[in-house]
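# Geometric and topological summary
Chain by chain, the residues run as shown.
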Amino acid sequence: MAKSKAASGKSKVHSPGVNIGISEKDRSAIAAGLSRVLADTYTLYLTTHNFHWNVTGPMFNTLHAMFMAQYTELWNAVDPVAERIRSLGHPAPGSYAQFGALASIPDAPTVPPKAMEMVRILKEGHEAVARTARGIFSVAEQAGDEPTADLLTQRLAVHEQTAWMLRALLEE
Ligand SMILES: [Fe+2]
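Everything quoted here is computed from the prediction, not taken from an experiment. (Residues numbered from 1 in each chain as written. Predicted model: local features only at pLDDT ≥ 70, side-chain atom pairs only at ≥ 80, totals over all residues.)

### Looking at helix H5 (residues 146–170)
We count it as follows: Numbered from the N terminus, helices here are DSSP runs of H or I no shorter than four residues, and strands are runs of E no shorter than two. How far a helix is expected to stretch is found by multiplying one less than its residue total by 1.5 Å. Remark: C-beta atoms are placed from the backbone, and a residue is labelled buried if 20 or more other C-beta atoms sit within 10 Å of its own, exposed if 12 or fewer do, or partly exposed between those counts.
Counted at 1.5 Å a residue, the expected span for H5 with its 25 residues is 36 Å, and the 36 Å between its end C-alpha atoms agrees. Listing the buried residues of H5 in full gives Thr-148, Leu-151, Leu-152, Arg-155, His-159, Thr-162 and Leu-166.

### Quick notes on the packing of helix H4 (residues 115–142) against H5
Threshold: As a rule, the C-alpha atoms of each element are fitted with a line to give its axis, helices using only the stretch in contact, and angles between N-to-C directions run from 0 to 180 degrees. These descriptions rest on fixed angle ranges, namely under 35 degrees for roughly parallel, over 145 for roughly antiparallel, 65 to 115 for roughly perpendicular, and the rest for oblique. Left-handed describes a crossing whose near helix is turned anticlockwise from the far helix through less than a right angle; right-handed describes the clockwise counterpart. Just so you know the grouping, Ala, Val, Leu, Ile, Met, Phe, Trp, Tyr, Cys and Pro go in nonpolar, Asp, Glu, Lys and Arg go in charged, and all remaining residues, Gly too, go in polar.
Where H4 meets H5, the closest approach of the two axes is 8 Å, and the angle between their N-to-C directions is 155 degrees. Classified by the interaxial angle, the pair formed by H4 and H5 is roughly antiparallel. Here H4 runs over H5; the crossing is left-handed. Broken down by class, the residue content of the contact of H4 with H5 amounts to 16 nonpolar, 4 polar and 8 charged.

### Looking at the packing of helix H1 (residues 24–54) against helix H2 (residues 60–87)
As a packed pair, H1 and H2 sit with axes 8 Å apart at the nearest point and diverge in direction by 160 degrees. Classed by the angle they form, the pair H1 and H2 counts as roughly antiparallel. Like other packed secondary-structure pairs, H1 and H2 cross with a definite hand, here left-handed. Here the residues of the contact of H1 with H2 are counted per class, giving 18 nonpolar, 7 polar and 1 charged.

### Things to note about the environment of Asp-79
Topologically, Asp-79 is positioned in helix H2. Residue Asp-79 is classed as exposed on the basis of its 11 C-beta neighbours within 10 Å.

### Quick word on the environment of Thr-47
To keep it simple, the criterion reads: Note that contacts rest on C-beta atoms placed from the backbone: two residues are in contact if these are within 7 Å.
Of note, Thr-47 is situated in helix H1. Taking the C-alpha atoms as reference points, Thr-47 and Ala-157, separated by 110 residues in sequence, lie 20 Å from one another. Not counting the four nearest positions on each side in its chain, Thr-47 is found in contact with Ala-108, Ile-121, Leu-122 and Gly-125.

### Observations concerning the nonpolar core
Which entries qualify depends on this criterion: The nonpolar core criterion groups buried Ala, Val, Leu, Ile, Met, Phe, Trp, Tyr and Cys residues into a set whenever they are joined through C-beta atoms within 7 Å.
Core analysis: the biggest nonpolar cluster contains 36 residues, and Leu-34, Leu-38 and Val-81 have the highest contact counts within it. Those elements that place two or more of their residues in this core are H1, H2, H4 and H5.

### Examining H4
The condition that has to hold: Bend, at a single residue, is the angle you get between axes fitted to the 7 residues ending at that residue and the 7 residues starting at it.
With 28 residues, H4 should cover 40 Å at 1.5 Å per step; its first-to-last C-alpha distance of 42 Å lies within 8% of that length. Where H4 bends most, the angle comes to about 30 degrees, and this point is Ile-136. For H4, the full list of buried residues reads Ala-115, Met-118, Val-119, Leu-122, Gly-125, His-126, Val-129, Ala-130, Thr-132, Ala-133, Ile-136 and Ala-140. Packing partners of the buried residues in H4 comprise H1, H2 and H5. Once H4 finishes, Gly-144 follows within two positions and takes phi at roughly 70 degrees, a positive value.

### Focus on the confidence of the model for the protein
We count it as follows: The score called pLDDT rates the predictor's confidence residue by residue, from a low of 0 to a high of 100.
Looking at the protein as a whole, its pLDDT mean stands at 93, while 91% of the residues score no less than 70. Scored below 50 in pLDDT, residues 1–10 shows 5 contacts in the model against residues more than four places distant or in partner chains.

In structure tokens, the structure reads:
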């Protein structure tokens, strides 16, 4: 089959041969949104692993183990998000500079906070990723992009459940 020329020279991003029934405009919008989800997820992964290393106090055993379960889940989540961006014909961001520019959540504090402050920061992080994911859900849905909608649904369930568990820890 003959290779078609790039549809447009306007974009810096070339997506030769992507013909999956989602317009280039929608694929660009969804990939941009997923890039923000990826940046948030990676940033939250790193903060959670940082807190696994640096947590102190009487809750050490519980939080050290809980943070490990959480960072492992987040680490496993970045790959399907990045690969969905690639499936839509766009490059996946993968540098600290790009993640810093795209993320809605801040980097981990330089000085390790107290244990319960760590829990509060992670709870806010999971809520922030949920808001980022929810923000692009309607775009994916309206574009008929079921794989992205399914991925976002799975990520929303995880982040909202984790935020609840962290909120529960913060309650007296
Ligand atoms: Fe460890």
